[in-house]
Amino acid sequence: MSDLRPISAAPSILRASFWLWIVSAAVSFLAGIVGVVASVQAGASGSAATAVLSGTVVGAIVGAGLRVVIAVFLAKGVSWARIILTILGALTILTSLPSLFVGDLLGILLLALTLAAGIMMWSPAASAYLRRRY
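These notes cover the structure that comes with them. Per chain, the residues get numbers from 1 upward, laid out in the order the sequence is written. It should be noted that, the model being predicted, local features are given only for residues of pLDDT at least 70 and side-chain atom pairs only at 80 or more, the latter also being counted only at that level, while totals for whole chains, interfaces and linings use all residues. Side-chain numbers here rest on the full set of heavy atoms in the structure, without hydrogens or water.

1. Side note on the environment of Gly55
Thought 1: Comment: elements are numbered from the N terminus, with helices defined as DSSP H or I runs of at least four residues and strands as E runs of at least two. Looking at the secondary structure, you find Gly55 in helix α2 (residues 47-75).
Thought 2: Gly55 gets classed as partly exposed once you look at its relative accessible area, which sits at 43%.
Thought 3: Sequence-wise, Gly55 and Val36 are 19 residues apart; in three dimensions their C-alpha atoms are separated by 10.0 Å. Residue burial is assigned from relative accessible area. The probe radius is 1.4 Å, only protein chains are included, and a residue is buried under 20% of its type maximum, exposed over 50%, and partly exposed in between.

Below you can see the structure in the form of structure tokens.
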């Protein structure tokens, strides 16, 4: 890992993509917590509901953390991070598409952030940076 570059060395479009991934991780975590709160307010109770809600919170934490860690690797010039973020982004977009039809603002924001971050990280400047080695 000695060939990791400082984030400041990345082209501006890749740094913007990095920050969009960070914000999308925060929005994704927030959407998970809002979903848990809504479920509790709707009357979800019992051991099965508690297990599902606990799993949702843990999943939101792990998912957001994973996205942040991989985004850091992306900004430091690690090319495999772009592939993993593309896969995570595609899954996020697919699961966020229903938000367009039900008016879920957090889901729509997550969809837009993920799409923008994904497009930016595949720009020609970002691709050239990720191909270049010291």
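2. Focus: the environment of Leu115
Thought 1: Position of Leu115 among the secondary structure elements: in helix α4 (residues 105-121).
Thought 2: Separated by 56 residues in the primary sequence, Leu115 and Gly59 have C-alpha atoms spaced 21 Å apart.

3. Observations regarding α2
Thought 1: For α2, spanning 29 residues, the distance from its first C-alpha to its last is 42 Å, which sits close to the expected 42 Å at 1.5 Å a residue.
Thought 2: Of the residues making up α2, those classed as buried are Ala49, Leu53, Ala60, Ala64, Arg67, Ile70, Ala71, Leu74 and Ala75.
Thought 3: Whether two residues are in contact is decided by their heavy atoms: any pair within 4.5 Å suffices. Looking at the buried residues of α2, the elements they touch are α1 (12-41), α3 (79-102), α4 and α5 (124-131).
Thought 4: Just past α2, the residue Gly77 takes up positive phi, approximately 95°. Multiplying one less than the number of residues by 1.5 Å gives the expected span of a helix.

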